[in-house]
Amino acid sequence: MDFGIFTFGELSRNETTGRALSPHQRLAEIIELAKLADQAGISFLGLGEHHRHDFALSAPEIVLAAIARETTNLRLSTAVTVLSTQDPVRLFEQFATLDLLSGGRAEIIAGRGAFIESYPLFGYDTVDYDALFEEKLRLLLELRDNADLSWQGTLTQTIPGMDIAPRPLQEKLPVWVGVGGTPASFARAGRLGLPLFVALLSGPERFRRLVELYRNTATEAGHDAAALPVGAGGHFYAAQTSQQARDTFYPYYRAYFEQNMPRAVDHFPRSTFDDWSGPGGGLLVGSPPQVVEKLLAIHESLGTTRYAAQVGLGGLPFAETARSIELLATEIMPAVNRELGVAAAA
């Protein structure tokens, strides 16, 4: 399995001081975490796009370009690009440029967005929420596959046979579809034969049939479903013991839910946190053996070939985030891949 990390760059207030990191501090921290992940052998970094005062990443492609010059192996991606409110031409140009700067390491994970503030900000109507994504995704794929493009748009611009430049270093810029829990989104990704990235805010069993729908739809559309990558990602924190992990992470996770979610809650109780961290829950918080067990269950349910851990939530200090990433790289990744290797051999 391929392992990565991602962040939305949230700016959560500290419970004691009432202050959050500045955007300047948070972006500097993200670049340092990327360097650490690259040195540790983690293979993927994703940055999520948000347009609110409590997030530092409204332009992830610029931060990814800065990270490209500080790393050598990390695949560099959004997590996700809110494609419905982007200009696909400009987006392709930016990521083709990122691909050239990084030596062929750029990817895009495109989604509709659980946060909808970008719709009025860029002059779009949420009435067109799904139609915008459908048309812009098709345009993005045409841009990827054609250096000279003619395109008749309805909700997008019309392109009368124009150059699409620069071209990326990779022969085909990877475009994944990021999905939540909507069956139509899984079916669309399968119909287009695109890699799938699932946001696991609950346990994997809820998504088993949806991933089966994705693969069945891909097969019906003439794609080799077995060759299509499926990735998953979710909230993550690891420490040496389960108790240490839960006690350390809970205050920050509560802050994230109460301050930074699309629909913030007034109070996020410890009992809910412990339930989600338990067997079958979608929250990967615990000791390395417990996290390994959950990752193997996700793989068994969904056939995942990539897992991306959302790290540093709720203002978790840099040192704690760094230790958690180190455990992911040194203990969790090798253990999961050993188990998968044994299963494959058997």
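Predicted, not measured: the structure shown is a model, and the values here were computed from it.

Procedures and definitions
Residues numbered from 1 in each chain as written. Predicted model: local features only at pLDDT ≥ 70, side-chain atom pairs only at ≥ 80, totals over all residues. Heavy atoms only, no water. Helix = DSSP H or I, 4+ residues; strand = E, 2+ residues; numbered from the N terminus. Contact = heavy atoms within 4.5 Å. Polar contact = N/O pair within 3.5 Å; in protein donor to acceptor, adjacent residues only side chain to side chain. 1 Å grid on protein atoms, 1.4 Å probe; cavity = no way out; pocket = protein on both sides within 12 Å on 5 of 7 lines; lining within 4 Å. Points joined across faces, edges and corners; volume = space filled by probe spheres on them. Nonpolar A, V, L, I, M, F, W, Y, C, P; charged D, E, K, R; others polar. Expected span 1.5 Å × (residues − 1). Buried < 20%, exposed > 50% of the residue type's maximum accessible area, 1.4 Å probe, protein only. Arc of directions from axis to C-beta.

**Points about the environment of Thr-78**
Structurally, the position occupied by Thr-78 is in strand E3 (residues 75-78). For the pair formed by Thr-78 and Gly-178, sequence separation is 100 residues and the distance between their alpha carbons is 10.0 Å. If sequence neighbours within four positions are ignored, Thr-78 has contacts with Gly-46, Leu-47, Pro-60, Leu-64, Phe-95, Glu-107, Ile-108 and Ile-109. Only 2.9 Å separates the side chain of Thr-78 from the side chain of Thr-81, close enough to count as a polar contact.

**Description of unusual backbone geometry**
In this structure, Val-80 follows Ala-79 across a cis peptide bond, with omega equal to 10 degrees. Position of Val-80 relative to the elements: it lies in the loop between E3 and strand E4 (81-82). Pro-166 follows Ala-165 through a cis peptide bond whose omega is 0 degrees. Considering the arrangement of structural elements, one finds Pro-166 in the loop between strand E7 (159-163) and strand E8 (175-179).

**Remarks on the layout of surface pockets**
Within this model, the largest pocket holds a volume of roughly 940 Å³. Along the wall of the largest pocket there are 38 residues; nearest its centre are Gly-113, Ala-114, Gly-180, Ala-199 and Leu-201. Residue assignment for the lining of the largest pocket shows that the elements contributing at least two residues are helix H5 (129-145), E8, helix H6 (183-192), strand E9 (196-199), helix H7 (205-220) and strand E10 (230-238). Considering only residue class, the lining of the largest pocket consists of 18 nonpolar, 14 polar and 6 charged.

**Details of H7**
Taking 1.5 Å of rise per residue, 16 residues should cover 22 Å, and H7 covers 24 Å from first to last C-alpha, within 8% of that figure. Phe-207, Leu-210, Val-211, Tyr-214, Thr-217 and Ala-218 are the residues of H7 that are buried. Mapping the buried residues of H7 onto a view down its axis gives an arc of 120 degrees, with all of them on the same face. Exposed residues on H7 whose side chains face more than 90 degrees from its buried face are Arg-209 and Glu-220. Looking at the buried positions of H7, the neighbouring elements they touch are H6, E9, E10 and helix H10 (288-302). Following H7 by one or two positions, Gly-222 has its phi on the positive side, about 95 degrees.

**Concerning empty space enclosed by the protein**
The tally for this structure, following the rule as stated, stands at 2 cavities of 30 Å³ or more. For the largest cavity, the calculated volume is near 50 Å³. Taken together, Ile-5, Phe-6, Thr-7, Ile-30, Leu-33, Leu-45 and Val-311 form the lining of the largest cavity. Broken down by secondary-structure element, the contributors of at least two residues to the lining of the largest cavity are strand E1 (2-7) and helix H1 (23-40). The element contributing the most residues to the lining of the largest cavity is E1, with 3 residues. A per-class count over the lining of the largest cavity returns 6 nonpolar, 1 polar and no charged.

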